[in-house]
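# Descriptive analysis of the structure
Here's the letter readout for the chains.
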Amino acid sequence: MSPRWRWSELLAKYPLCQIVTASLESGRVATSRVPLYHAHRDGSDFVAGHFARVNPHWKLWAESSVTVCLIDGAHAYVSPASYAVPSAVPTWNYCTATLHGEPQVMDDTETVDSLLSSLAVFDPQLRSKIGPTELASYERARPAIVPFQIAITRAERKEKVSAQRSMADQEGIRADLVRRGGADDYLAMLDWLSGLPGPERSAPHA
C-alpha cells in the first residue's frame, strides 16, 4: 500500500498547488493556488507557472523569504465502522507532497513561452493549433502576467492510506467508501499507488 513514487507523478495528477511564501524580513505571508508543471533541466528539478500581475505574491520573492509548494492528492474520511473490529477512532487518509524551493520571476520576454509551455502540459491539443492570431493575443496579455519557476531544493512526500491495518480492514475501508460514494478519486489513487513498482515505504523520495 506504500510503494515508491515521485512527487512529479503526484503533481501530474494534481497540478493545482498551494504556494506559500513567508518573508523573513517583514513577516508577511502570501498564499496562492496555482497550476504548476514539472520541468527537469541540467540535472535540476523545477516547477513552473504564472501569476496574474495583480496578485502581489510574486513581489514577496524580492525579500528574503521561504517558499513551499503543497501538492494535495486525493483524500477520504475513514470510518472505524468499516474495520473488521470497529474499535478505533475516525481518521482521514490522504496523499501529499511538499516542495521546498527557490523562486525566480522569469524575464518579461519569456511570458509567451511560459504560456505555451503550460498549454503543452495541460492542453496539448490546443497547443498544437496555436497560430499567429493566438500568439498575438498572448503577446497582448503579456503585461498582465508574471511567469515564474521554482528550483526544488527538497521534496517530502507522505501517504496515509491505512497501510498498517489488516487486509480485512483495508478491504472494509474500500467497501465502505464505495457504498458511501464520492471517493472515486481516492480509490483511483489507491490503485495508482499500489500499481507502482518498488520497495520503498516511508522515506521521502524526490
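What counts, and where the lines are drawn
Residues numbered from 1 in each chain as written. Predicted model: local features only at pLDDT ≥ 70, side-chain atom pairs only at ≥ 80, totals over all residues. Heavy atoms only, no water. Disulfide = S-S within 2.5 Å. Buried < 20%, exposed > 50% of the residue type's maximum accessible area, 1.4 Å probe, protein only. Helix = DSSP H or I, 4+ residues; strand = E, 2+ residues; numbered from the N terminus. Phe/Tyr/Trp six-rings, centres within 6.5 Å; stacked < 30°, edge-to-face > 60°. Lys NZ or Arg CZ within 6 Å of the ring centre and 35° of its normal. Axes fitted to C-alpha atoms, helices over the stretch in contact; angles between N-to-C directions. Contact = heavy atoms within 4.5 Å. Nonpolar A, V, L, I, M, F, W, Y, C, P; charged D, E, K, R; others polar. Salt bridge = Lys/Arg side-chain N within 4 Å of Asp/Glu carboxyl O. Pairing = 2+ DSSP bridges. Expected span 1.5 Å × (residues − 1). pLDDT = per-residue confidence, 0-100.

Evaluated as defined, the whole model comprises 0 disulfides. No disulfide involves Cys17; its nearest neighbouring cysteine sulfur is the one of Cys69, lying 6.4 Å away. Residue class for Cys17 comes out buried when judged on its relative accessible area of 0%.

A few words on unusual backbone geometry. Not every positive phi belongs to a glycine, and Asp42 is a case in point at roughly 50 degrees. Within the fold, Asp42 resides in the loop between β3 (37–41) and β4 (44–52). At Ser162, a residue that is not glycine, the phi angle is positive and equals roughly 60 degrees.

A word on the packing of aromatic side chains. Pairs of aromatic rings are described using the distance from one ring centre to the other and the angle between the two planes. Evaluation of the coordinates by the stated rule reveals 6 aromatic pairs. Among the aromatic residues, those joined into a ring-pair cluster are Phe51, Trp61 and Phe148. Seen from the ring of Phe46, Arg41 lies directly overhead, with NZ or CZ sitting 4.4 Å from the centre. One residue, Arg53, lies across the ring of Trp58, its end atom 5.5 Å from the ring centre.

Our next topic: the packing of helix α5 (residues 167–180) against helix α6 (residues 184–195). Orientation of α5 relative to α6, taken along the N-to-C sense of each, is 150 degrees, at an axis distance of 10 Å. Facing Arg174, Leu177 and Val178 of α5, the residues of α6 in contact are Tyr186, Leu187, Leu190 and Asp191. Residues of the contact of α5 with α6, tallied by class, amount to 5 nonpolar, no polar and 2 charged.

Moving on, we get to the pattern of salt bridges. Counted by the stated rule, this structure contains 11 salt bridges. A salt bridge links Arg174 to Asp191; its shortest N-O distance comes to 3.0 Å. Remark: Asp191 occurs in helix α6 and Arg174 occurs in helix α5; sequence separation between them is 17 residues. Arg174 sits in the partly exposed class, given a relative accessible area of 33%. A salt bridge links Arg179 to Asp176; its shortest N-O distance comes to 2.6 Å. With Arg179 and Asp176 both in helix α5 and 3 residues apart, the pair spans about one turn of that helix.

Next up on the list: the sheet that holds strand β1 (residues 16–23). Sheet architecture is open: 7 strands sit in the order β2-β1-β5-β6-β7-β4-β3, paired in antiparallel fashion. In this open sheet, the two strands that pair with only one neighbour each are β2 (29–35) and β3. Each neighbouring strand pair of the sheet contributes to a mean axis angle of 35 degrees, computed without reference to strand direction. Looking at chain direction, strand β6 (residues 91–105) and strand β7 (residues 145–160) are connected through 12 bridges and run antiparallel. From the neighbouring strand, Gly101 faces β7, where its bridge partner is Ile152.

If you check helix α2 (residues 111–122), its first and last C-alpha atoms are 17 Å apart, about what 12 residues at 1.5 Å a residue would give, namely 16 Å. Taken together, the buried positions of α2 are occupied by Thr111, Val112, Ser114, Leu115, Leu116, Ser118 and Leu119. For α2, the elements touching its buried residues are β3, β4, α3 (124–127), α4 (132–141) and β7.

Turning our attention to the confidence of the model for the chain. For the chain, per-residue confidence averages 90 on the pLDDT scale, and residues scoring 70 or more make up 93% of the total. Between the elements of the chain, mean pLDDT differs from a low of 87, seen in α6, to a high of 98, seen in β1. Predicted confidence for residues 197–206 stays below pLDDT 50, and this span has 25 contacts to residues more than four positions away or in other chains.

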